[in-house]
Protein chains: 4
Amino acid sequence: MKKLFIISFLLVAIAFTGSGQRKIVNFPDLPGYVTLKCDFHMHTVFSDGNVWPTVRIDEALRDGLDAIAITDHLEYTPKKDFVPVDHNAAWKITEAYARERNLILVHGTEITRKMPPGHMNALFINDAALISRDSVWDCYEAAIKQGAFLQWNHPGWKSQQPDGIPRMYDIHHRLINNGWLHGIEIFNDESYYPQVFTIARQNNLALIGNSDVHAVISEVYPEAEESRRPMTLVIAKERTHDSLKEAMFAGRTLVYFNDMLAGKEEFAKPFFYQAIKVGKPFYQNDKTIFFEVTNNSDVPFYLINGIPNAPASVTLVANSVTRIAISKKVTSPLVYDVKNILTGENEVLTIELKY
Amino acid sequence: MKKLFIISFLLVAIAFTGSGQRKIVNFPDLPGYVTLKCDFHMHTVFSDGNVWPTVRIDEALRDGLDAIAITDHLEYTPKKDFVPVDHNAAWKITEAYARERNLILVHGTEITRKMPPGHMNALFINDAALISRDSVWDCYEAAIKQGAFLQWNHPGWKSQQPDGIPRMYDIHHRLINNGWLHGIEIFNDESYYPQVFTIARQNNLALIGNSDVHAVISEVYPEAEESRRPMTLVIAKERTHDSLKEAMFAGRTLVYFNDMLAGKEEFAKPFFYQAIKVGKPFYQNDKTIFFEVTNNSDVPFYLINGIPNAPASVTLVANSVTRIAISKKVTSPLVYDVKNILTGENEVLTIELKY
Amino acid sequence: MKKLFIISFLLVAIAFTGSGQRKIVNFPDLPGYVTLKCDFHMHTVFSDGNVWPTVRIDEALRDGLDAIAITDHLEYTPKKDFVPVDHNAAWKITEAYARERNLILVHGTEITRKMPPGHMNALFINDAALISRDSVWDCYEAAIKQGAFLQWNHPGWKSQQPDGIPRMYDIHHRLINNGWLHGIEIFNDESYYPQVFTIARQNNLALIGNSDVHAVISEVYPEAEESRRPMTLVIAKERTHDSLKEAMFAGRTLVYFNDMLAGKEEFAKPFFYQAIKVGKPFYQNDKTIFFEVTNNSDVPFYLINGIPNAPASVTLVANSVTRIAISKKVTSPLVYDVKNILTGENEVLTIELKY
Amino acid sequence: MKKLFIISFLLVAIAFTGSGQRKIVNFPDLPGYVTLKCDFHMHTVFSDGNVWPTVRIDEALRDGLDAIAITDHLEYTPKKDFVPVDHNAAWKITEAYARERNLILVHGTEITRKMPPGHMNALFINDAALISRDSVWDCYEAAIKQGAFLQWNHPGWKSQQPDGIPRMYDIHHRLINNGWLHGIEIFNDESYYPQVFTIARQNNLALIGNSDVHAVISEVYPEAEESRRPMTLVIAKERTHDSLKEAMFAGRTLVYFNDMLAGKEEFAKPFFYQAIKVGKPFYQNDKTIFFEVTNNSDVPFYLINGIPNAPASVTLVANSVTRIAISKKVTSPLVYDVKNILTGENEVLTIELKY
């Protein structure tokens, strides 16, 4: 009797699921900024995706995102025998739907060519139809006229670069010289392109990570933590469309995928220190000091290369307090590399734990 | 190749699991206090439990508890042919182990008699062996001499009260009159005793909820949120053994079980308001205002009995932001009953959402 | 090193997921027949669903179904501003796709009217466009001309029957008298209509259960056993389109939903006995005989109302061997009601366990 | 209302869990034999384990095992201050308990020495106390006198062999020469020793795989398929203690761990062919033939090294039907290596699919 009563709560919970809740994703803000969780690359039935555009909004809310762009292909519309080509269809269908749910919707499209130049997303546009031109350069020009942020997608995609290594071609240099290229995907779907660190640094591009989802998000990225959907974390002044845009053009991003973070040290370092808290020793005996490190974020941190007499490696499990037992021979701080915070093609973040 | 690299992180994570991490349980603190997550009733191979005492410490850490008591039966030791009776064995085995892991260990025992008086836990004792006496009253007296907190266990246990209804007998009145009874379980394992609200109020007893676990915690309470292990939430001045004890004797507790909270309104109300945050409206159109309620806790709140023109019910999903769309005909605040915050035998908490 | 090697297998597994596997669903065949798992009611972007038609095929394969029908509404096409109305679109898009994956695809459509007559599916048709007529009776006539199986959908749907109780109106009696109505949903999505047992019996209709899915199957019915998608189990002579059709018109069906079966005793009884096997006693002592019941199916069976001295209830967990300890005072067979095999509006199946 | 009714079934199910069900593990029998699922290496509070012996029985039933041995250390009893040494304690406590649950219990113990000779289990003994001797050779002799099967445990354990490579020492050769050594672990806990294939072949030893569990099985091997507990599969004439013993001494075993099988080709090959069924082509077009392979077992099979024009690799997902689309240029049968069926130190099984 009582048990049934209790169970009835669960039913209410089930009934309400999907009615507009956004899951809280525990990624820390940087001082003076908010960390916006974003995905700027996804498809619907209006190009080669398999779902209706509102599904992308529902998925984003459920996953706790702050902003998304739906970016159907301009040049690849394999469903056109049944669904007439309308490059702004997804935008028209979702604009009000997203606004009423407090999700920032970025108007976007994907300019889809063979390599070079490969695929580019134009974000923060007004009208995708005007960008659909025969010459790819005309596409870019039309996008830039609308104030677009141009993002180079999966630059090492094996269908276009069989060895998986991103390369700058003439057209990319021309874009750079014009100031027309603003971002580049270091992560797409399940592919990571380490060389993008160098390309981005040399050309002052924002690092981006996206799902490029065509199917259903919950099936591509099942619930287990480690397979959470990839995100671009944008370090914005406020949670608004315009602040997001300002931050993107300013290159203030980190990329999250497979429990890893990739980004510039200037953003990665404060992200780490905002996520964790090192406590004072709670106990000591003759030989050993015990203290705790609290990781208040959804990202685990894998510390490696510990100094002598300290633990060689420590995992700061997500949303957990990790106890560290340390020999009295060692003096604070402990220095570690964070194996899953990538700050360059062959670099990871180095941090200190002061206890 | 890359994928294997990524996967290798996970292995590290697995390897470190269990090495001392405490999961963070998101229950809010009350202003000026810390909310300690506790379980004061559990068994080991030293009475009729199935695990070694250190297992109880490991389980508690994994579940993010702050304090536990192991309370083996004084009078029921069915394994004694193989494990000699030692009423302080679990304490001796776990005291240093817990201290080095920053878990508050409360020395306890269970005085195990037929009803009346039924079972009582003596907590905050020094020596369980001295409490083992023939006369149950002598047991109580010996416990009180050690400064014990006496807690009446599962007062409506069907093996001792076939109708499941807790009843005060003479001996309970004598304990009350002596000032010797301090707490009472309103929840035990999977049993909820609503009448305990009244007994506790009339006799100034702290409300307590415990697992009374004999087997393995992770098997009795599998991971799904709604079956999380029961806890007594103690509203203490600090996270120390002595502050815990002070708060218990002062009766500052809430009980958590099956996604429900039970307790006095004076503690339940600030708990709710510390857990949630109502945002300013983020959008409105002709007819409707949209605002969000953030629930930063691990407890979902099921709001019911909404006023006319407002949603009849709203679920504030745990660790989620819930959007509420409300007619402009309605004026702030919205008033709701919280179906899963019990403040009396037939009472639930009433709250307001001011937007 | 070794561990990475091992893990690499898992990656292979993940890579292959979705490449055409059908999960084996353990539902027993009846002697001389095969039990086909079917869902005859689902929607796509061509009416008010949210997915592309091929998604329905992929979902069905993953769930181990043998046959499905996509049944977009003829009269309700809210996406028509972006997706032109084509009543055969889903069929054209999926026919070859299903054939190459060994899924039986039934051509269908939903005739969507207010009550009476409510919604009807026409199954086994050739051309849905020809069935789209102003008069509902003309629709039925056109469907019957194509040899359709007419199935009355969710007859107690609260949007059309506020009290949730299915009722026969004149037009239903006319259909019956013409021999034009062949089946009726006793289960739809999450609604169960017990009165359908009586309507089906009086009018010789096949019992049907369907998902009526509009969103994504894996999100509506998450993986936990008890929320598995509803199915019509068709007892066919062979696993072919024509055998399926023959069995449907002959009314050889059982309905599976929420770990329950509903259907005629003549099918439910052999289903139960084919699913389980009662072993000979494996041990006995002075007072007790021990034997095992093997349940080789994915359906748990909840046995209740045991005879005196036998267990009052026994759960034959799915895909498990259940031990039964029985007093020697009892003589074989044990008689039980199977709580989750419904054979009538107020009837459940009674079975015997001979040990 | 209805929903609550449905939910109530689940409660019944929960209530019955643990009441003696054995999960069915889908491993095929070989013609004329039954495949017994076994674990011959585990610990309790009577040596350095953390649980009471009956827990091992409950775990084994839940995991669908047919036989286990509890093998507490003779020489390592770190809990002896609280639990007096009794080498037969686990046996005495569980013998009747296992018999009433139809689990085959093998009486065993672990002779625990530094390397050489390392650790050995003595299985099928009568009295572990008589085997506890100062000289390890005396231990072996006493065990053999009782008819023991001697099993060399984790021969490459890094605490005893820092490079992880198993090596035969003089004492092992002496045991072999006496005919006293019968089996060897190729898998233990999470360690795999490939060189054991060669040692076993040269010395005619049965291959064994065990959990060597000290903690709680469900926590060491969480539910996900790929982490299922390791097992020795014994190919016995009947499901009895004596048939098990006969098969062990005859060396008819396969070892299952991490979704891999290791064993002699003479057992691995029929295991594979009993697990799968290749269907006749269900469809073909101009270029392609489509057929299905049914894998009725809980083991996935990863087929690699496909012939030209055939798929390079195919995963036969466990309990699933896999569709294979094959060019008409190819002629039946397809030949594959099975990546996860290990038949030697550097060998995997080769199989054919005839369609």
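The coordinates are above.
These figures come from a predicted structure and were not determined experimentally. Per chain, the residues get numbers from 1 upward, laid out in the order the sequence is written. Just so you know, chain letters begin at A and ligand numbers begin at 1, following the order they were written in. Local features in this predicted model are restricted to residues of pLDDT 70 or higher, and side-chain atom pairs are both shown and tallied only at a pLDDT of 80 or more, whereas totals for entire chains, interfaces and linings draw on every residue. The side-chain figures draw on all heavy atoms in the structure; neither hydrogens nor water molecules are used.

(A) Highlighting the overall build of chain A. Secondary structure follows DSSP: runs of H or I at least 4 residues long count as helices, runs of E at least 2 residues long count as strands, and numbering of each begins at the N terminus. When helices and strands are tallied, chain A shows nine helices and 20 strands. Along the longest, intermediate and shortest principal axes, the C-alpha atoms of chain A span 75 × 65 × 35 Å. Across the 355 residues of chain A, 61% fall into the buried class. Put simply, of all contacts in chain A between residues at least 6 apart along the chain, 65% involve residues at least 24 apart. Counting only carbon and sulfur atoms, one obtains 50% of the accessible surface of chain A, whose full area is about 13500 Å². Working convention for charge: Lys and Arg count positive, Asp and Glu count negative, and His plus the chain ends are omitted. For this purpose, a charge sits on NZ of Lys, CZ of Arg, CG of Asp or CD of Glu. Placing the 36 positive and 41 negative side-chain charges of chain A at their respective mean positions leaves the two points 6 Å apart. When a residue's accessible area, from a 1.4 Å probe over protein chains only, is under 20% of the maximum for its type it is buried; when over 50% it is exposed; and in between it is partly exposed. Pairs of residues are marked as contacts when any of their non-hydrogen atoms sit within 4.5 Å. To be clear on the numbers: accessible area is Shrake-Rupley with a 1.4 Å probe, and residue cover counts the displayed protein chains and nothing else.

(B) Highlighting the relation of the copies chain D and chain B. Turning chain D through 180 degrees and shifting it by 0.0 Å along the axis lays it on chain B, with an RMSD of 0.0 Å. As the rotation angle and translation indicate, the two copies are arranged about a two-fold axis. Of every C-alpha in chain D, the one belonging to Val51 of chain D sits nearest the axis of rotation, 2.2 Å from it. Interface overlap between copies is the fraction of interface residues in one copy that are interface residues in the other; for chain D against chain B it reaches 100%, indicating a shared surface. Here the copies were fitted onto each other by least squares, based on C-alpha atoms from residues at pLDDT of at least 70 in both.

(C) Local environment of unusual backbone geometry. Note that the residue after Ser332 of chain B, namely Pro333 of chain B, is joined by a cis bond; omega there is -5 degrees. As for its placement among the helices and strands, Pro333 of chain B is situated in the loop between β18 (320-327) and β19 (334-344). Along the chain, Pro116 of chain D connects to Pro117 of chain D via a cis peptide bond; the corresponding omega equals 0 degrees. On the secondary structure map, Pro117 of chain D appears in the loop between β4 (104-112) and β5 (119-123). Although it is not a glycine, Asn102 of chain B adopts a positive phi angle of roughly 60 degrees. Structurally, Asn102 of chain B can be placed in the loop between α3 (89-99) and β4 (104-112). Residue Asn102 of chain B is classed as buried on the basis of its relative accessible area, which comes to 17%. Despite not being glycine, Asn204 of chain D has its phi angle at roughly 60 degrees, a positive value. Counting through the fold element by element, Asn204 of chain D comes out in the loop between α6 (196-203) and β9 (206-210).

(D) Quick peek at the interface of chain D and chain B. Taken together, the contacts link 19 residues of chain D with 19 residues of chain B. Summed over both partners, the interface of chain D with chain B buries about 1500 Å², with 68% contributed by carbon and sulfur atoms. By buried area we mean the combined loss of accessible area, with a 1.4 Å probe, across both parts when two parts are placed together. Together, Trp52, Phe82 and Glu219 of chain D form the three largest contributors to the area buried by chain D at its contact with chain B, with a combined 43%. What counts as a salt bridge is simple: a side-chain nitrogen of Lys or Arg found within 4 Å of a carboxyl oxygen of Asp or Glu. Linking chain D with chain B are two salt bridges. The salt bridge involving Arg62 of chain B is made with Glu219 of chain D; its shortest N-O contact spans 3.1 Å. In protein, a polar contact means a hydrogen-donor-capable atom and an acceptor-capable atom, both N or O and within 3.5 Å, with residues adjacent in sequence counting only if both atoms are side-chain atoms; elsewhere, any N or O pair within 3.5 Å suffices. Our count for the contact surface shared by chain D and chain B stands at six residue pairs in polar contact (both at pLDDT 80 or more).

(E) The arrangement of the layout of surface pockets in detail. Grid points spaced at 1 Å and placed over the protein atoms alone form the basis of the search, with a cavity being a set where a 1.4 Å probe fits but cannot get out and a pocket an open set showing protein on both sides within 12 Å along at least five of seven lines. Lining residues have an atom within 4 Å of a point. Grid points are joined across faces, edges and corners, and a volume is the space filled by probe spheres set on the points. Reported here for the second largest pocket is a volume of approximately 850 Å³. Together, 34 residues line the second largest pocket, and Asn296 of chain C together with Ile24, Val25, Asp29 and Lys37 of chain D are the ones closest to its centre. A per-element tally of the lining of the second largest pocket places strand β2 (residues 34-39) of chain D first, with four residues. In terms of residue class, the lining of the second largest pocket is built from 12 nonpolar, 13 polar and nine charged. Residues are sorted three ways: Asp, Glu, Lys and Arg are charged, Ala, Val, Leu, Ile, Met, Phe, Trp, Tyr, Cys and Pro are nonpolar, and all the rest, Gly among them, are polar.

(F) How the structure looks around the side chain of Asn340 of chain B. Residues and elements named next belong to chain B. Among the secondary structure elements, Asn340 is positioned in strand β19. Within the structure, Asn340 has its side chain in polar contact with the backbone oxygen of Pro300 (distance 2.7 Å). Engagement of the side chain of Asn340 in a polar contact is seen with the backbone nitrogen of Tyr302, the distance being 3.1 Å.

(G) A look at the packing of helix α4 (residues 136-145) of chain A against helix α5 (residues 170-178) of chain A. Residues and elements named next belong to chain A. Fitted lines through C-alpha atoms serve as axes, helices being fitted only where they are in contact, and the angles separating the N-to-C directions of these axes extend from 0 to 180 degrees. For the pair α4 and α5, interaxial distance at closest approach is 12 Å and the crossing angle is 20 degrees. The pairing of α4 with α5 is recorded here as roughly parallel in orientation. Along this stretch, α4 crosses α5, giving a crossing that reads as right-handed. Between α4 and α5, the contacting residues are Val136, Trp137 and Tyr140 on the first element and Ile171, Arg174, Leu175 and Asn178 on the second. Its residues assigned to classes, the contact of α4 with α5 comprises five nonpolar, one polar and one charged. Angles are sorted into four bins: roughly parallel if under 35 degrees, roughly antiparallel if over 145, roughly perpendicular if 65 to 115, and oblique for all others. For a crossing to be left-handed, the near helix must be turned anticlockwise from the far one by less than a right angle; the clockwise case is right-handed.

(H) Local environment of the pattern of salt bridges. One pass over the structure, following the stated rule, counts 72 salt bridges over all chains. Between Arg22 of chain C and Asp66 of chain C there is a salt bridge; the shortest N-O distance is 3.8 Å. Here Arg22 of chain C, found in strand β1 (residues 22-23), pairs with Asp66 of chain C, found in the loop between α2 (53-62) and β3 (67-70); they are 44 residues apart in sequence, far enough to count as distant. The class of Arg22 of chain C is buried, set by a relative accessible area of 9%. Asp66 of chain C gets classed as buried once you look at its relative accessible area, which sits at 5%. In this structure, a network of salt bridges that share partners links the residues Arg22, Lys37, Asp66 and Arg239 of chain A together with Glu292 of chain B.

(I) How the structure looks around the packing of aromatic side chains. Under the pairing criterion, centres of Phe, Tyr and Trp rings, with the six-membered ring standing for Trp, must be within 6.5 Å; the plane angle then separates stacked pairs below 30 degrees from edge-to-face pairs above 60, leaving the rest tilted. This structure, assessed with the given rule, holds 56 aromatic pairs over all chains. Taking the centre distance of 5.3 Å and the plane angle of 75 degrees together, the rings of Phe149 of chain B and Phe249 of chain B count as edge-to-face. Placement of the pair is Phe149 of chain B in strand β6 (residues 149-152) and Phe249 of chain B in helix α8 (residues 241-249), with a sequence separation of 100 residues. On the basis of an interplanar angle of 55 degrees and a centroid distance of 5.4 Å, the ring pair of Phe46 of chain D and Trp52 of chain D is categorised as tilted. According to the relative accessible area criterion, Phe46 of chain D is buried, its value standing at 7%. Aromatic ring contacts, followed pair by pair, group Phe27, Tyr256 and Phe271 of chain A into a single cluster. Of note, Arg174 of chain A hangs over the ring of Trp137 of chain A, and the distance from its end group to the ring centre comes to 3.8 Å. Whether a charge sits over a ring comes down to the Lys NZ or Arg CZ being within 6 Å of the ring centre and within 35 degrees of the ring normal.

(J) Highlighting the environment of Val25 of chain C. Relative to the assigned elements, Val25 of chain C resides in the loop between β1 and β2 (34-39). Distance in space between the C-alpha atoms of Val25 of chain C and Pro230 of chain C is 13 Å, their sequence separation being 205 residues.

(K) Layout of the packing of helix α2 (residues 53-62) of chain A against helix α3 (residues 89-99) of chain A. All names here are of chain A. Axis separation between α2 and α3 bottoms out at 8 Å; the angle between their running directions is 40 degrees. In the packing of α2 onto α3, the handedness of the crossing is right-handed. Contacts from Pro53, Thr54, Ile57 and Asp58 of α2 reach α3 at Ala90, Ile93, Thr94, Tyr97 and Ala98.

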